[in-house]
Amino acid sequence: MDMKTLRVEALRRVIGSLSQKEFADQHDLDASYLSQILNGHRGLGEKAALNLEQKIGLAPGILVNPAGYGPNVIEGEFSRHEVIREQSPAYQAMLGSASPRAIAIIDKLARAAAKGKLTESDLVLLEGIAGLLEKANSEKP
């Protein structure tokens, strides 16, 4: 199997059970672009794979060099949620009950934090929102 085919197969595993549209919406991707890649009408070269990795929030190399990860990527062991789940029990618990939109928002925040794009004032604001949500949920009957 050539590298571009390996990349497409790795991308399919990252998408998992989501529809192409759901996945595209969650990651602010153009659904038609994603469809073109998955249907073989557009190749997934190194630069495009690198851009997708960064936009999706994957560990470096999962799409650029899936052969370097061995069969684990092709067998689906390195989907974006699995990488995060291993790091956070709270995130793992959220996946079972949160809406797809809530998960997409948390994913975006996690990517921004991982890239160092959240300022101290952003963190203070997010902490305040989280506190209000916790308080509102504890007051529900």
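As shown above, the structure is provided for reference.
Computed from a predicted structure; not experimentally measured.

Participant: Please explain the overall build of the chain as it appears in this structure.
Facilitator: Looking only at helices and strands, one finds nine helices and zero strands in the chain. If you list the helices and strands of the chain from N to C, you get α-α-α-α-α-α-α-α-α. The buried share among the 141 residues of the chain stands at 28%. Contacts spanning at least 24 positions in sequence make up 51% of the contacts within the chain whose residues lie at least 6 apart. Summed over its atoms, the accessible surface of the chain is roughly 8,900 Å², and 55% of this surface lies on carbon and sulfur atoms.

Participant: Would you mind going over the pattern of salt bridges with me for this structure?
Facilitator: It is possible for side chains of opposite charge to pair when their charged atoms get near one another. All told, the structure shown has two salt bridges when counted by the stated rule. Arg-12 serves as the salt-bridge partner of Glu-9, at 3.6 Å between the closest nitrogen and oxygen. Of the two residues, Glu-9 and Arg-12 both sit in helix H1 (residues 3–15), three residues apart, roughly one turn of that helix. The closest approach of N and O atoms between Asp-25 and Lys-21, which form a salt bridge, is 3.0 Å. Of the two residues, Asp-25 and Lys-21 both sit in helix H2 (residues 20–26), four residues apart, roughly one turn of that helix. Residue Asp-25 is classed as partly exposed on the basis of its relative accessible area, which comes to 45%.

Participant: What's the story with H1 in this structure? I'm lost.
Facilitator: Three or four residues apart is the spacing at which side chains of an α-helix point the same way, because the helix has 3.6 residues per turn. With 13 residues, H1 extends 18 Å from end C-alpha to end C-alpha; this agrees with the ideal 18 Å at 1.5 Å per step. Listing the buried residues of H1 in full gives Leu-6, Arg-7, Val-8, Ala-10, Leu-11, Val-14 and Ile-15. The positive-phi residue at the C-terminal boundary of H1 is Gly-16, with phi of around 60 degrees.

Participant: Looking at this model, I keep getting lost on the nonpolar core. Mind explaining?
Facilitator: Soluble globular proteins tend to pack their nonpolar side chains together in the buried interior. In this structure, Leu-11, Phe-23, Leu-34, Leu-44, Leu-52, Ile-56 and Leu-63 are the most contacted members of the largest nonpolar core, which totals 20 residues. Looking at this core, the elements with two or more residues in it are H1, H2, helix H3 (31–38) and helix H4 (46–56). Take this core: its biggest share by element is five residues, from H1. Not counting chain neighbours up to four residues away, the residues in contact with Leu-52 comprise Leu-11, Leu-29, Ile-37, Leu-44, Gly-57 and Leu-63.

Participant: Sorry, what's going on with a nonpolar patch on the surface here?
Facilitator: Taken together, the side chains of Ile-105, Ile-106 and Leu-109 define a hydrophobic patch exposed on the protein surface, amounting to about 210 Å² of accessible area. Counting through the fold element by element, Ile-106 comes out in helix H8 (residues 100–114). Judged by its relative accessible area of 33%, Ile-106 falls in the partly exposed class.

Participant: I tried to follow the environment of Glu-9 on my own but got confused; where do I start?
Facilitator: Look at Glu-9 and you get partly exposed, because its relative accessible area is 28%. Sequence separation of Glu-9 and Leu-63 is 54 residues, and the distance between their C-alpha atoms is 9.1 Å.

Participant: I keep staring at H4 and nothing clicks. Help me out?
Facilitator: Along H4, the residues classified as buried are Ala-48, Ala-49, Leu-52, Glu-53 and Ile-56. All buried residues of H4 lie within an arc of 140 degrees about the axis, which places them on one face of the element. Facing away from the buried surface of H4 by more than 90 degrees, the exposed residues are Glu-46 and Lys-47. One or two positions beyond H4, positive phi appears at Gly-57, with a value near 90 degrees.

Parameters at a glance
- Residues numbered from 1 in each chain as written.
- Predicted model: local features only at pLDDT ≥ 70, side-chain atom pairs only at ≥ 80, totals over all residues.
- Heavy atoms only, no water.
- Helix = DSSP H or I, 4+ residues; strand = E, 2+ residues; numbered from the N terminus.
- Buried < 20%, exposed > 50% of the residue type's maximum accessible area, 1.4 Å probe, protein only.
- Contact = heavy atoms within 4.5 Å.
- Areas by Shrake-Rupley, 256 points an atom, 1.4 Å probe, with all protein chains shown as cover.
- Salt bridge = Lys/Arg side-chain N within 4 Å of Asp/Glu carboxyl O.
- Expected span 1.5 Å × (residues − 1).
- Core = buried A, V, L, I, M, F, W, Y, C linked by side-chain atoms within 4.5 Å.
- Patch = residues over 30% accessible without salt bridge, like charges linked within 9 Å, V, L, I, M, F, W, Y side chains within 5 Å.
- Arc of directions from axis to C-beta.

Purely geometric numbers; function is a separate question.
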